[in-house]
There are 2 protein chains.
Amino acid sequence: MLNIYIAGAGSMGCRFGYQLTKANNTVTLLDEWEEHITAIQSKGLSITGDQEDNIDIPIMKPEEADQSADLIILFTKAMQLPSMLQNIEHIMNEDTKVLCLLNGLGHLEEIQKYVPRENILMGVTIWTAQIESPGKVKLSGQGGINLQSVEKTGETFGKDLINIFNEANLNAEYDQDVWPSIWRKVCVNGTMNSTCALMDANISEVFSSSHGYNLVEKLISEFVQVAAKENVHLDADEMYDYVVSASKKVGEHYPSMHQDLIQNKRLTEIDYINGAIVKIAQKYDVETPYCEMMTELIHLKEDILL
Amino acid sequence: MLNIYIAGAGSMGCRFGYQLTKANNTVTLLDEWEEHITAIQSKGLSITGDQEDNIDIPIMKPEEADQSADLIILFTKAMQLPSMLQNIEHIMNEDTKVLCLLNGLGHLEEIQKYVPRENILMGVTIWTAQIESPGKVKLSGQGGINLQSVEKTGETFGKDLINIFNEANLNAEYDQDVWPSIWRKVCVNGTMNSTCALMDANISEVFSSSHGYNLVEKLISEFVQVAAKENVHLDADEMYDYVVSASKKVGEHYPSMHQDLIQNKRLTEIDYINGAIVKIAQKYDVETPYCEMMTELIHLKEDILL
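Note that the structure is a prediction, hence the values are computed from the model and not measured.

Colleague: Help me out: how do you make sense of the relation of the copies chain A and chain B in this one?
Modeller: Two copies of one chain are present, and they are related through a rotation about an axis combined with an axial shift. Mapping chain A onto chain B leaves a residual RMSD of 0.0 Å; the transformation is a rotation of 180° accompanied by 0.0 Å of translation along its axis. In the structure described here, the two chain copies are related by an operation that fits a two-fold rotation axis. When each C-alpha of chain A is compared by its distance to the rotation axis, Pro289 of chain A comes out closest, at 3.1 Å. Here 100% of the interface residues in chain A have copies in chain B that are interface residues too; the copies meet face to matching face.

Colleague: In this structure, what is going on with the UniProt feature "domain: Ketopantoate reductase C-terminal" (unreviewed entry) in chain A? I would like to understand it.
Modeller: With numbering matched to this structure, UniProt assigns "domain: Ketopantoate reductase C-terminal" (unreviewed entry) to residues 178-302 of chain A. Along residues 178-302 of chain A the backbone is 74% helical and 0% strand, and the end-to-end C-alpha distance reaches 32 Å.

Colleague: I keep staring at the sheet that holds strand β6 (residues 71-74) of chain A and nothing clicks. Help me out?
Modeller: By definition, the strands of a sheet pair up through backbone hydrogen bonds, in either a parallel or an antiparallel sense. Residue and element names in this part refer to chain A. The mixed open sheet is built from eight strands, whose spatial order is β5-β2-β1-β6-β7-β8-β11-β12. Of all the strands in the sheet, the pair left with one neighbour each is β5 (59-60) and β12 (172-174). Sitting on the sheet, helix α3 (residues 81-88) is in contact with β1 (3-7), β2 (26-30) and β6, with an inclination near 160° to β6. The sheet contacts of helix α5 (residues 155-167) involve β6, β7 (97-100), β8 (120-125), β11 (145-149) and β12, and relative to β12 the element is tilted by about 165°.

Colleague: Is there a simple way to think about the domain arrangement of chain A in this case?
Modeller: Many descriptions give the size of an interface as the accessible area lost when the pieces come together. Residue and element names in this part refer to chain A. Each domain of chain A was delimited in the assignment, giving domain 1 (1-175) and domain 2 (177-303). Averaged C-alpha coordinates put domain 1 and domain 2 at centres separated by 25 Å. At the junction of the two partners, domain 1 supplies 18 residues and domain 2 supplies 19 residues. Buried surface at the junction of domain 1 and domain 2, summed over both partners, amounts to about 1800 Å²; 59% is from carbon and sulfur atoms. When residues of domain 1 are sorted by the area they lose upon contact with domain 2, Met79, Asn103 and Leu105 head the list and together hold 38% of the total. Between Lys77 and Asp260 there is a salt bridge, and its shortest N-O distance comes to 2.9 Å. Inspection of the region where domain 1 meets domain 2 yields nine residue pairs in polar contact (both at pLDDT 80 or more). Those elements that provide at least two residues to the side of domain 1 that touches domain 2 are α4 (107-111), β8 and β11. Looking at the side of domain 1 that touches domain 2 element by element, the count peaks at four residues for β8. The class makeup of the residues in the side of domain 1 that touches domain 2 is seven nonpolar, nine polar and two charged.

Colleague: Please explain the packing of aromatic side chains as it appears in this structure.
Modeller: Ring pairs (aromatic) are described by centroid distance and by the angle formed between their planes. Enumeration over the complete set of coordinates arrives at eight aromatic pairs over all chains. Considering the side-chain rings of Phe207 of chain A and Tyr213 of chain A, the 5.1 Å spacing of their centres and the 85° angle between planes classify their relative orientation as edge-to-face. Assessed through its relative accessible area of 8%, Phe207 of chain A is described here as buried. Using a relative accessible area of 23% as the deciding quantity, one classes Tyr213 of chain A as partly exposed. Grouping aromatic residues by their ring pairs yields a cluster made of Phe16, Phe75 and Phe165 of chain A. It is Lys97 of chain A that lies over the ring of Phe157 of chain A; its NZ or CZ is 5.2 Å from the centre. Sitting over the ring of Tyr174 of chain B, Lys159 of chain B keeps its end group 5.4 Å from the ring centre.

What counts and what doesn't
Residues numbered from 1 in each chain as written. Chains lettered and ligands numbered in written order. Predicted model: local features only at pLDDT ≥ 70, side-chain atom pairs only at ≥ 80, totals over all residues. Heavy atoms only, no water. Least-squares fit on C-alpha atoms with pLDDT ≥ 70 in both. Contact = heavy atoms within 4.5 Å. UniProt positions renumbered as here; feature names shortened; annotations may be inferred. Helix = DSSP H or I, 4+ residues; strand = E, 2+ residues; numbered from the N terminus. Pairing = 2+ DSSP bridges. Axes fitted to C-alpha atoms, helices over the stretch in contact; angles between N-to-C directions. Domains from an automatic or database assignment. Buried area = accessible area lost by both parts, 1.4 Å probe. Salt bridge = Lys/Arg side-chain N within 4 Å of Asp/Glu carboxyl O. Polar contact = N/O pair within 3.5 Å; in protein donor to acceptor, adjacent residues only side chain to side chain. Nonpolar A, V, L, I, M, F, W, Y, C, P; charged D, E, K, R; others polar. Phe/Tyr/Trp six-rings, centres within 6.5 Å; stacked < 30°, edge-to-face > 60°. Buried < 20%, exposed > 50% of the residue type's maximum accessible area, 1.4 Å probe, protein only. Lys NZ or Arg CZ within 6 Å of the ring centre and 35° of its normal.

This is the structure we're talking about:
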């Protein structure tokens, strides 16, 4: 039985913690949010939405963890990753596997500072979840996970992990090339999410305007161009169709960056999404003015609101 | 005595109408706004702010005007200019002079369709004013006007007009090259105003963030580059210093585009400001992605809010 830590017990960390625990895995949540930790320690983790449930699950601050980890699932907000890695270094040994499911780009470079590449797995998930209040998480809808070990030597473990996730109904798939899926999600985040956050609008509102389409098209073309430089194939038309169809399916939805910035007055992950594109583009002398301006605008809005 | 029409009786048209009438000129206001016309016709034009006053001044719809005009001062919102010109064509004769004091770029081309170039004067004003309610305008602070006749043959009339304006305390100056002043105002509007409208913020809030500075710097550089192509010299450092010093003087102010979009839920003049830069830049194959994205974003916000 693996000793699993989930580093970052936000809505998604709680979803995974809940589903993995229900499937009889040994899971500990790690987080820094006092009220959330106290609530779960005293009353358990409450689940609402598609089902109502309550489970006991250990949760503590990263520095309080004292068991060696077999697997750590990283689920922090992007900007919290460096400090989380520092704070969990003491539970990692030379065999500890680390799966990154964060939004955005640039995380592998950070994780490599602490973990040998053969122990790292990169993944992407389209599951969603929402914190209702400290200790209470709303789960609704279906999702999935794609993941891949960074080095070929990690593939066996990666496939074992697929089984563990699927026993927990997390709908996982081993992906021989996970990077296009990671970039695709970054592209969706950097078009719909950032635009909705900036506009204080939901997805339908953005897509009910031809100017919303124009913006999304321009942003997508920058993502596609920079991805190609990194040898990741994204198809512009396919991306465009994807976000347009998503706008029809989940139009009333306020994406996570809107939740962060507008609803919860928290810093966004913009530097790891549009900002990451700008940074990568600079290496190749590619111009990405739309991503650059979006990054500046979201930061300006953070400075005004926070 | 000149027969003067002011075409567009918004806050600025009312300021000019008020001050010119007080200096014993014959002035008629033209506008389409029913409540405003009815209020002024029944109760006069009320002035508040630096002074309290009330005057009788004729106001009517443009199509109702029936006297030939000696001078028409154009003071509509930029997008209302084409229909206003159509609606006042019948009061123009071959000697009618037309002074354009609109915000933005591209108006001369439109006016030329109706008025011979030797009768056109272009100007820019930094006076401000605010409609408090139909028929009531708040005047505060000082301002000025720069103007120039489009053709040298119009210069004598232009200088007569300076005297008329100065007798009305409108602080006018004949400018041997008015275009840099016009562009300078467009540049201020296209940096501070559009950013404040987009962010729903006042000038101080935008300038309290380094990201506000970055945006303004990028936008200014596009204005300067496109102005140069049109043989108008704008100095980037001077423009930058100007908006920064303005931010310190009038930081609590919400600029006019914010008033239009956020406070009054009206369409903005963005197509004649940042949008005009994009259009002119295309003639010269110059890239203006920041102005382009700002234009799309403001239009998207219009579509969402209106």
